[in-house]
Amino acid sequence: MATYDIQAYKGYFIAGHAYLQPTGTWQGCAEICIERPEDGANARPLERVMSTSFYDNELRAVQAAHHQARQVIDGLGLNWAPFTAPGGLPSR
């Protein structure tokens, strides 16, 4: 797991990475989190999705997993936690 990519989408955080398979191809994994994870070891995912295919390129596998995660998030309600948690957003 060399690439660890975190993106925000509709109030959720998507933490994506890929696993090298024994065949030499990559499978992407995306963790949907309410709070921004610092790294893969400390992520507390609400959901975990995998790419539906295997890829020759690690980055492409991560992108595919992010796409799968966005489809799952589109079916979830809005997440307001990042905006309402104490210290979540600085105020003036």
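This write-up is about the structure you can find in this document.

Thresholds, definitions, all that
Residues numbered from 1 in each chain as written. Predicted model: local features only at pLDDT ≥ 70, side-chain atom pairs only at ≥ 80, totals over all residues. Heavy atoms only, no water. Pairing = 2+ DSSP bridges. Helix = DSSP H or I, 4+ residues; strand = E, 2+ residues; numbered from the N terminus. Axes fitted to C-alpha atoms, helices over the stretch in contact; angles between N-to-C directions. Contact = heavy atoms within 4.5 Å. Core = buried A, V, L, I, M, F, W, Y, C linked by side-chain atoms within 4.5 Å. Buried < 20%, exposed > 50% of the residue type's maximum accessible area, 1.4 Å probe, protein only.

## Some details on the sheet that holds strand β1 (residues 5-9)
Here is step 1 of the chain: With respect to topology, four strands assemble into an open sheet ordered β1-β2-β3-β4, the strand pairing being antiparallel. This sheet does not close on itself; its edge strands, each paired only once, are β1 and β4 (47-50). Ignoring which end each strand starts from, the neighbouring axes of this sheet average 25° apart.
Here is step 2 of the chain: Relative to β4, strand β3 (residues 26-33) is paired through four bridges, and the arrangement is antiparallel. What sits directly across from I32, in β4, is E47.
Here is step 3 of the chain: This element, helix α1 (residues 58-74), spans β1, β2 (12-20), β3 and β4 of the sheet and lies at about 35° to β3.

## Concerning the nonpolar core
Here is step 1 of the chain: Formed by Y12, I14, A30, I32, V49, A65, A69 and I73, the largest nonpolar core amounts to eight residues.
Here is step 2 of the chain: Where this core is concerned, the elements lending two or more residues are β2, β3 and α1.
Here is step 3 of the chain: The greatest single-element share of this core, amounting to three residues, is contributed by α1.
Here is step 4 of the chain: Setting aside residues no more than four positions away along its own chain, I32 makes contact with Y12, F13, P45, L46, E47, A69, V72 and I73.
Here is step 5 of the chain: Core analysis: the next-biggest nonpolar cluster, separate from the first, contains six residues, A18, W26, A61 and A64 among them.

## Describing the pairing of β1
Here is step 1 of the chain: Two elements, β1 and β2, share five bridges in a ladder whose sense is antiparallel. Note that in β2 the partner of A8 across the bridge is F13.
Here is step 2 of the chain: Here β1 folds back onto β2 in antiparallel fashion, the turn holding two residues, of which K10 has a positive phi close to 50°.

## Section: unusual backbone geometry
Here is step 1 of the chain: The backbone phi angle of K10 is positive, close to 50°, even though this residue is not glycine.
Here is step 2 of the chain: With respect to the element layout, K10 can be found in the loop between β1 and β2.
Here is step 3 of the chain: K10 sits in the partly exposed class, given a relative accessible area of 46%.

## Examining the environment of E58
Here is step 1 of the chain: Structurally, E58 can be placed in helix α1.
Here is step 2 of the chain: Overall, the relative accessible area of 15% leaves E58 in the buried class.

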